[in-house]
Every structure is written in structure tokens, then in C-alpha cells.
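# Reading the structure
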Amino acid sequence: MADDRDLLRTAAELTRDLQRPDPWIYWPDCFGSAAVGYAAVAGAIMAHSPWLALGCGVIAVLALYRATLFIHEITHLNHALLPGFRLMWNLLIGVPTMLPSFMYEGIHTQHHTRTKYGTAEDPEYLALALMKPWSLPLFFFVSVLMPVGLILRFGVLGPVSIVIAPLRRVVIERLSGLQMNPDYRRRPPEGAFARQWFWEELGASLVAVTIIATAVTGLLPLHALMVYMLIISGVALLNQARTLVAHRWENEGDPLTVTAQFLDSTNVPHGLLPQLWAPVGLRFHALHHLLPSLPYHALATAHARIVAATGSDSTYARANYPTLRGLLARLIASTMTREMAN
């Protein structure tokens, strides 16, 4: 597919004034969400009523999910425009949840590289729409194991790999990124990023080792550990559901133009629910692939401007969808149709 030059030019021209991240939005949104999430985790652990515990758990999942998704913004930020934000995010969210930003930085930007998107070199792409029907529930429910995986990665495999070189290579290549593509191998970090990686991994490992040690000795009650792990699993499940509909997942490995990448991605711009399951601007995922440097708080404005300028029968309109349910149904139907054809 050739690029729609008019769309690319219009989108760039209409959003030139929206490129700067607003610290008065980033800081309170991210860390306010984290504070609500941690308070709700404590409430879920201490609640005597199962209904109160459930309510606190739902609030904890939604709030921590929103706070955690700022890792996506961190990968795209010009950090000189938001000094200290990455450090504080790692101290207060990334390291305590064992999802430090190095797990995404350097990974996600490859997903936005024009020559790598949707190819074997894209760490975040699988042609899910072209796979077997059973692959979708497997992809979805494997996320339930994320808290166990993170504890093993940072509490056991990470520290042991320091003294076992072959294991260290495996840990770096396969267990140090939020990647979907099982064939992707990450390269060892270099320079300043290697130093950042070291401190973030050390912090996450201390958290994981503390969880293991206090659980084994009984200092951390089993009930508290189980509630915490269920909440983290809930965050992972919600993110996995969002990931399933972030793209159409139809590319078979060929490099795509910017327009083709845009149309393989999705916007779900309307309604309250998309703001819960795709917060921090991710309900405008197709627009984000069109303008990846645009801060999340500017995406709704950018979307409205582009829609007004291009109309309902434009290339831009083809990436807009009404609901999560409809996108999931489309993906499932694609796998079923392919299965019957085979």
C-alpha cells in the first residue's frame, strides 16, 4: 500500500502545536493513579468484607494499570522536557511492581521503526489474526502468570545469571523485555542505558528477593501475597485484552508503509469504557502510530482536528472502531475463517 501523503501532511500540520508534554498533567495523573492504586491494594488486603475487598481490588487494578502504562510514554518522551519523570516513575512504580522501564525502552521503539514493524525483527508483533483459534485464549491467559514470572525473573534467574554467563545471555535476550515475538532476541545494553539497566534491575531484584524471603519466613502473610498477585494478574489481563485489539495483526512479515501500519492499528475513540481499558491515550493507538511523538494528553485533540479536516470517508476514518467487543469478534472470526479454509 502506498502512503497517503495527504493524510501524513495534514496530520503533521494540524498537530505542530501539540508536541510538548505538559508536566501539570503527567505528574499528578501518573503518581495520583499510583497512590490510589496502592491505597486500594492495602484496602483489598485488610478488608473484612469480601465485597469490599473485591471493590478495592477492581479500583487497584484500574489505577495501577493506568500508572503502569506511563512506561509507554517514557519510551517516547524527550526526557529533557520532563526532567526527573522517568526516575520517579521507576522509584515509585516500575521497581516496586518489578516492571522497570528498561523492560520497554529500546524494545518499543523498534515496533515503530518503519522497516521493522510487523516483521520478524519487531519484538511486539505476532500475526494473531492468521494463527490458530486456540492461540488467542492462550495468548490472553498466559498473562495471569505474569507476577510469578516477574518474581522468578528478578528474584531467582537475574541474580543467578550474574555468575552463570550462558544463563545471563538467555536472561538478556529473552527475559528482559515486554516482547510478544518469541523469535526476537534482545541485544545487551550499552553506555548510559547499561548503567540505567543495572540500577533498575538491582532495585527490582531486591523487591523480588524481599517478596520471596518474607513469604518463605512467614513475615508476609499468604493472604496479602495472594491478593497482591491477583491484582497484578488483573493488570496483566487487562493489558493483554487491550493488546489483542491494538492492531489488526494481519501482516505476514513484510515491511509496511506508514499508512499501512496505521491501518493495521486501531482507534477506539468514543465512550467511557475505552478510557478504562485503554488509558493514557492508548485508545488512539492508530493515531499514535501515525504521530508517535505526540504526548498522550494531546491525542484526543489531535484526533478531533484530523477527523474534522479529513471527513468520514477518508483513510483516517478507516482506522476508527466503535468497541473492544467488535474488535475481539473480528479477530476471533479471522482465526476461525482461516482454520476452516485450511
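Look up: the structure comes first, before these words.
The following paragraphs examine the structure supplied in this document. Treat the numbers as computed from the prediction; the structure is a model and nothing was measured.

The rules we used
Residues numbered from 1 in each chain as written. Predicted model: local features only at pLDDT ≥ 70, side-chain atom pairs only at ≥ 80, totals over all residues. Heavy atoms only, no water. Phe/Tyr/Trp six-rings, centres within 6.5 Å; stacked < 30°, edge-to-face > 60°. Helix = DSSP H or I, 4+ residues; strand = E, 2+ residues; numbered from the N terminus. Buried < 20%, exposed > 50% of the residue type's maximum accessible area, 1.4 Å probe, protein only. Core = buried A, V, L, I, M, F, W, Y, C linked by side-chain atoms within 4.5 Å. Salt bridge = Lys/Arg side-chain N within 4 Å of Asp/Glu carboxyl O. Patch = residues over 30% accessible without salt bridge, like charges linked within 9 Å, V, L, I, M, F, W, Y side chains within 5 Å. Areas by Shrake-Rupley, 256 points an atom, 1.4 Å probe, with all protein chains shown as cover. Arc of directions from axis to C-beta. Contact = heavy atoms within 4.5 Å.

### Quick notes on the packing of aromatic side chains
- Enumeration over the complete set of coordinates arrives at 15 aromatic pairs.
- For the pair phenylalanine 262 and tyrosine 316, a centre-to-centre distance of 5.5 Å together with 20 degrees between the ring planes defines the contact as stacked. Of the two residues, phenylalanine 262 sits in helix H12 (residues 258-263) while tyrosine 316 sits in the loop between helix H15 (299-310) and helix H16 (324-341), which places them 54 residues apart along the sequence.
- Here phenylalanine 262 falls in the buried class, since its relative accessible area comes to 0%.
- Given the relative accessible area of 1%, tyrosine 316 is considered buried.

### Some points on the nonpolar core
- Counting 35 residues, the largest nonpolar core has Tyr26, Cys30, Phe70, Phe85, Trp89, Ile93 and Ile231 as its most contacted members.
- Looking at this core, the elements with two or more residues in it are helix H2 (23-46), helix H3 (50-68), helix H4 (70-76), helix H5 (85-94) and helix H11 (222-244).
- If one sorts the elements of this core by residue count, H2 sits on top with seven residues.

### Section: unusual backbone geometry
- Phi at methionine 98 takes a positive value of approximately 60 degrees, unusual for a residue other than glycine.
- On the secondary structure map, methionine 98 appears in the loop between H5 and helix H6 (108-111).
- Judged by relative accessible area, methionine 98 falls into the buried class, the value being 2%.

### Here we look at the environment of methionine 226
- Tracing the backbone through its elements, the reader meets methionine 226 in helix H11.
- Between the C-alpha atom of methionine 226 and that of leucine 8, which follows or precedes it by 218 residues, the distance is 48 Å.

### Side note on the pattern of salt bridges
- Per the counting criterion, the structure on display carries eight salt bridges.
- A salt bridge links arginine 153 to glutamate 201, with the nearest nitrogen and oxygen atoms 2.9 Å apart. Of this pair, arginine 153 sits in helix H8 (residues 146-161) while glutamate 201 is found in helix H10 (residues 191-217), placing the two residues 48 residues apart along the sequence.
- With a relative accessible area of 5%, arginine 153 lands in the buried category.
- Through salt bridges with shared partners, a single network forms among Arg153, Arg168 and Glu201.

### Details of a nonpolar patch on the surface
- Taken together, Trp51, Leu54, Val58, Leu62, Leu272, Leu273 and Leu276 make up a surface patch of nonpolar side chains, about 750 Å² in accessible area.
- Those elements giving two or more residues to the nonpolar patch turn out to be H3 and helix H13 (273-277).
- The greatest single-element share of the nonpolar patch, amounting to four residues, is contributed by H3.
- For leucine 276, the position within the fold is in helix H13.

### Considerations on H5
- For H5, the complete set of buried residues consists of Phe85, Trp89, Asn90, Ile93 and Gly94. On an axial view of H5, the arc spanned by its buried residues comes to 130 degrees, and they lie on one face. For H5, exposure combined with an orientation more than 90 degrees from the buried face picks out Leu87 and Leu91.
- Looking at the buried side of H5, the elements it contacts are H2, H3, H4 and H10.

Geometry only, nothing functional implied.
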